[in-house]
Amino acid sequence: MTQERYNPQAIEEKWQARWQAENAFACSHESNKPKYYVLEMFPYPSGNIHMGHVRNYSIGDVVARNKRMQGYNVLHPMGWDAFGLPAENAAIKNNTHPAEWTYANIRTMRAQLKRLGYSYDWSREIATCRPEYYQWEQMFFLRLLKKGLVYRKKAPQNWCPSCHTVLANEQVIDGLCWRCDSRVVQKDLTQWFLKITAYGDELLRDLGTLEGGWPERVIAMQRNWIGKSTGAAITFGLEKNVEGVKGIDVFTTRPDTVFGVTFMTLAPEHSLVEHLIEGYEKADEVRAFVERIRNMDRLDRQSDLLEKEGIFTGAYALHPFTGQRVPLWLGNFVLADYGTGAVMGVPAHDQRDFEFAHKYSLPVQVVICPEGQELTPETMPEAYTGEGVMVNSGQFDGMLNEDGKKAVAQSLEKNGKGKATTQFRLRDWNISRQRYWGAPIPVIYCDKCGAVPEKEENLPVLLPLDVKTRSDGRSPLADTPSFAQCICPQCGGPARRETDTMDTFVESSWYFARFASARDTETPFDMDAVKYWLPVDQYIGGVEHAILHLLYSRFFTKVLRDMGFFPPELSEPFNNLLTQGMVLKDGGKMSKSKGNVVDPTEMIKKYGADTVRLFCLFAAPAERDFDWSDSGIEGASRFINRVWRLFVEEQARLLPLKACASTAQDAQSPEARDLRRREHLTVKKAGEDMGDRFQFNTAIAAVMELVNTMYISREKMGSTEGDRRVFSSAMATVLTLLSPIIPHVCEELWNRLGHDASLSDEPWPQWDKEATAQDTVTVALQVNGKLRGTVDIPAGADKAAMEEAALADSSVQRHTAGLTVRKVVVVPGKLVNIVAN
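Residues numbered from 1 in each chain as written. Predicted model: local features only at pLDDT ≥ 70, side-chain atom pairs only at ≥ 80, totals over all residues. Heavy atoms only, no water.

The name given to the protein in an unreviewed UniProt entry is Leucine--tRNA ligase, and the organism recorded there is Desulfovibrio falkowii. Taken from UniProt, the Catalytic activity (unreviewed entry) comment for the protein reads in full: "tRNA(Leu) + L-leucine + ATP = L-leucyl-tRNA(Leu) + AMP + diphosphate". For the record of the protein, the UniProt heading Subcellular location (unreviewed entry) holds the text "Cytoplasm". (UniProt positions renumbered as here; feature names shortened; annotations may be inferred.)

(A) Region of the structure containing the overall build of the protein. Scanning the protein for helices and strands turns up 26 helices and 34 strands. The proportion of buried residues among the 837 residues of the protein is 57%. Counting contacts in the protein only where the partners sit at least 6 residues apart, residues at least 24 apart contribute 73% of the total. Counting every atom, the protein has about 36300 Å² of accessible surface; 48% of that belongs to carbon and sulfur. (Helix = DSSP H or I, 4+ residues; strand = E, 2+ residues; numbered from the N terminus. Buried < 20%, exposed > 50% of the residue type's maximum accessible area, 1.4 Å probe, protein only. Contact = heavy atoms within 4.5 Å. Areas by Shrake-Rupley, 256 points an atom, 1.4 Å probe, with all protein chains shown as cover.)

(B) Representation of the pairing of strand β1 (residues 35-40). The element β1 is largely enclosed, with a buried count of 6 among its 6 residues. Of the two faces of β1, the one holding K35, Y37 and L39 and the one holding Y36, V38 and E40 are both buried throughout. In the classification by handedness, the crossover that spans β1, the intervening helix α2 (residues 51-69) and the parallel strand β2 (residues 73-75) is right-handed. Inspection of the sheet shows β1 paired to strand β26 (residues 538-541) by 3 bridges, in the parallel sense. Across the sheet, L39 pairs through a bridge with Y539, a residue of β26. (Right-handed = clockwise from strand over helix to strand, strands pointing away. Pairing = 2+ DSSP bridges.)

(C) Highlighting the packing of helix α1 (residues 8-22) against helix α24 (residues 743-753). Between α1 and α24, the least distance of the axes is 9 Å, while the angle of their chain directions is 85°. The pairing of α1 with α24 is recorded here as roughly perpendicular in orientation. Along its contact with α1, which presents I11, E12, K14, W15, Q16, R18 and W19, the element α24 presents P743, H744, V745, E747, E748 and N751. For the contact of α1 with α24, the per-class residue count stands at 5 nonpolar, 3 polar and 5 charged. (Axes fitted to C-alpha atoms, helices over the stretch in contact; angles between N-to-C directions. Parallel < 35°, antiparallel > 145°, perpendicular 65-115°, else oblique. Nonpolar A, V, L, I, M, F, W, Y, C, P; charged D, E, K, R; others polar.)

(D) Spatial organisation of the sheet that holds β1. A sheet is described by the order of its strands in space; here 4 strands give the open sequence β2-β1-β26-β27, paired in parallel fashion. Strands with a single pairing partner mark the edges of an open sheet, and in this sheet they are β2 and β27 (577-579). Direction aside, neighbouring strands of the sheet carry axes that sit 15° apart on average. Relative to the sheet, α2 contacts β1, β2, β26 and β27, its axis offset from that of β1 by approximately 170°.

(E) The arrangement of the nonpolar core in detail. Counting 177 residues, the largest nonpolar core has M51, W429, Y511 and W628 as its most contacted members. Every residue in contact with W628, bar those within four places of it in the chain, is listed here: M51, V583, L584, K585, M590, V598, M603, F615, C616 and I633. Residues V250, L272, V290 and L412 belong to the second largest nonpolar core, which totals 56 residues. (Core = buried A, V, L, I, M, F, W, Y, C linked by side-chain atoms within 4.5 Å.)

(F) Local environment of the sheet that holds strand β32 (residues 786-794). If you walk across this open sheet you meet the 4 strands as β32-β31-β34-β33, and the pairing is mixed. Of all the strands in the sheet, the pair left with one neighbour each is β32 and β33 (821-827). Going across the sheet, the axis of each strand differs from the next one's by a mean of 20°, ignoring polarity. Where strand β31 (residues 776-783) and strand β34 (residues 831-836) come together, 4 bridges link them in parallel fashion. From the neighbouring strand, L781 faces β34, where its bridge partner is V832.

(G) Just the packing of aromatic side chains, in detail. This structure, assessed with the given rule, holds 43 aromatic pairs. Arranged with centres 5.9 Å apart and planes meeting at 20°, the rings of F694 and F696 form a pair that is stacked. For F694, a relative accessible area of 11% translates into the label buried. On the basis of relative accessible area, F696 is assigned to the buried category, the value being 2%. Ring pairing ties together the aromatic residues F263, Y280, F312, Y316, W329, F333, F356 and Y360, which thus form one cluster. Looking at K187, its charged tip hangs above the ring of W159, at a distance of 3.9 Å from the centre. Cation over ring: R325 sits above Y316, and NZ or CZ is 3.8 Å from the ring centre. (Phe/Tyr/Trp six-rings, centres within 6.5 Å; stacked < 30°, edge-to-face > 60°. Lys NZ or Arg CZ within 6 Å of the ring centre and 35° of its normal.)

(H) Spatial organisation of the side chain of R435. Within the element layout of this structure, R435 appears in the loop between β20 (432-433) and β21 (443-446). Given the relative accessible area of 3%, R435 is considered buried. Looking at R435, its side chain comes within polar contact range of the main-chain oxygen of C163, at 2.3 Å. Setting aside chain neighbours within four positions, we find R435 in contact with L85, E88, N89, I92, C163, H164, T165, G473, S475 and T501. (Polar contact = N/O pair within 3.5 Å; in protein donor to acceptor, adjacent residues only side chain to side chain.)

(I) Quick peek at the environment of S482. With respect to the helices and strands, S482 occurs in helix α13 (residues 481-484). You can call S482 exposed: its relative accessible area is 60%. The spatial distance from the C-alpha of S482 to the C-alpha of D466 is 9.9 Å, given a sequence separation of 16 residues.

(J) Representation of the pattern of salt bridges within the structure. Tallied over the full model, the rule gives 48 salt bridges. In this structure, R325 engages E239 in a salt bridge whose closest nitrogen and oxygen atoms are separated by 2.6 Å. Here R325 is found in strand β14 (residues 325-331), whereas its partner E239 is found in strand β10 (residues 228-242), with 86 residues between them in sequence. Relative accessible area serves as the criterion here: at 40%, E239 is assigned to the partly exposed category. Where K658 meets E762, a salt bridge forms, and the shortest distance between an N and an O atom there is 3.0 Å. With K658 in the loop between α20 (630-650) and α21 (670-692) and E762 in the loop between α24 and β31, the pair connects residues that are 104 residues apart, well separated along the chain. The network of salt bridges with shared partners includes E202, R205, D206, R554, K558, R561, D562 and E572. (Salt bridge = Lys/Arg side-chain N within 4 Å of Asp/Glu carboxyl O.)

(K) Here's a closer look at unusual backbone geometry. Geometrically, the link from L459 to P460 is a cis peptide bond, its omega value of 0° lying close to zero. Its location among the elements puts P460 in the loop between β22 (450-453) and α13. Each neighbour pair has its own omega, and for L534 with P535 the value is 0°, a cis peptide bond. With respect to the helices and strands, P535 occurs in the loop between α16 (527-533) and β26. Positive phi, close to 55°, is recorded for S361, a residue that is not glycine. Residue placement: S361 occurs in the loop between α11 (351-359) and β16 (368-369). One non-glycine residue, N392, lies in the positive phi region at around 50°.

(L) Region of interest: helix α18 (residues 600-607). For α18, the complete set of buried residues consists of P600, M603, I604 and Y607. The buried residues of α18 occupy an angular sector of 100° when projected down its axis, which confines them to one face. Of the exposed residues in α18, those oriented more than 90 degrees away from the buried face are K605 and K606. Residues of α18 that are buried in the fold lie against α1, α2, α4 (98-115), α19 (609-618), β30 (626-628) and α20. For α18, the capping residue at the N-terminal end is D599, with a side-chain oxygen 3.0 Å from the backbone nitrogen of T601. Positive phi appears at G608, one or two residues downstream of α18, with a value of about 100°. (Arc of directions from axis to C-beta.)

(M) Looking closely at the side chain of D500. Of note, D500 is situated in the loop between β24 (494-497) and β25 (501-502). Separated by 3.1 Å, the side chains of D500 and Q434 make a polar contact. Ignoring anything within four residues of it in the chain, the contact list for D500 reads Q191, S432, R433, Q434, P440 and I441.

Structure representation (structure tokens):
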């Protein structure tokens, strides 16, 4: 008789259609069950999903399905990060509109995700480019503007000449645009900023609440990026008066060294440079230096390996304590938007300043000496940065420098020339983008009223879709009268709209909360739904978002909480974070240019979605990279076929039982007892690995071992009711444990086992400790330390019983024939060693 072959295409399409018809994975916050919110970072709709997507979303789907079976009310949504440069650039390249391009890609990718059988609540689907989404973002902007957390200023910005837009500091990688790899230059522009620094202390402090739930390296990366330093702000007066400027402010973590200042270094972009060099005979040389340095790689300028360069401005500051003239230099290692854009030069006690001073023959003044020692500038091989006693420091002489830090700061504050303060490496977030495909910034410019916020009742400010994008990437909004020309909401006169759009990271900073009430048209978030669902219990995505997206999302959570959109107790968006590894090919990242891309659609056509999912989850632990291999996916296919054959071949003996349904009374034969024991051990192992540790590869391996045991056991087990129940229970357990991983084939076989209800609705099986106890143990038999055989004895047998069994063994008797047994060493449950001569 010909056996039915496994047909993944037919099976998978059948169950996907049923899940969709039944709206199987929809959920509501109006539930008495405990909640579990699992979310993968939503995709940019690029056109097709790739293997990285498959791995990411397969991990999330296993978590979601597993938690449902554990009795949780699970929220598992999907949406589209749909605005931004990539869509616009691709649309220009393909001579189409960004909206048309984006929505076509969403349709394609949605179909691909559904074909993989992911258990999403599709009724909550969002796309950030839809007005019903970004209208709330515009409202947040207006509320933040009112609270003083949004402001506009002119400053040097990272400019990508290829993308024709400003980039945030975090979007410049090694001096290149994070999207197109073009060299980034500096350009003076007036931009809109979100005041993320206002939350610097809380963003830093709350990282402690994420320990244990987030990877240590991600926490460390955020802590370093926020970069809090404690010290003092000091004002150095200017020798040459500049209208409206009291002096130059610096921040230092070493106020105890202030008497060692022999020069100051400003950023070439500092706003005072032109004032300082006015009338200076070498002003043009300074300007040339400024132009050259400002277009250097920002990271290079902060590197310890950078060769320090500077130029004198011809101007002087005045020391806040001594009144002495301090020469003002420009340096390539100082950035205008880091700190105050100026640093005090203390060459005796800072190695960078020491090297700079020696390069340009600037004086060195020792102000800290190790206790009991004296340092002289002429003999110092390097800067002294250790602790010690303050010298050459006026009224602070003789004071320990650690005490001096506080004393100097107090004196500065008393005299109105500084104060103790903290500084962050974190910069405010520039959200202005000079591109078309983004959420319009709801601000209007009026010649009479200035910058005027749009009225909330006029939201959304719609992005016009009847425009033609330009081949060079410049935004057409300024030249679109129907958009740019408007009425001032304050005076009613003619005005013009802001034509910059928001950074796409703004949209992705609050999307996770919108999923809680995605169809609400009256408010961005239903408070009851937010209170129930948030924070996200498990967030999954790539470590490349460790700073940008995750930091911004944390900031938005705190801001929305403080504006009353979130409950007061909600301070962090994601309780737990899993950063999955990449899918490689031939040891490298998949890319079209390398010709090593594996197309998920082709793999699904060849092997089926379940096989693709299984391989992605079995190949390596979730957090590690793995190399795609044809032999690996072939192996995954063979295993699913093996489960299928086992079911089909044994279907006549199978009963419609559920997992772990057999009893000790059913397991009368040794084979039945062993199979039942292994079944419960597998439930324990797979449950812990899949549900607690997300070690899906070892959970799968455990089920594979159980399947191997079933193949062996079926030959020895009879057709008694007890044996049938034990075998059927084990089969039900295999299907139940595998169902979060390969849901389609498991649903099909579960249905054929005789169950009408969906396997997705089954509770996760519970293992029985008594069922895992062994009936017998195998004991090694040694004669004079050499292995001579083994014997199976009842588990828990005492030493006397073990010795008796060993001496009765034929192999032991053969090797001790003619010898006198002098001693018997027994290791309970493990071995017996006969000492004889």
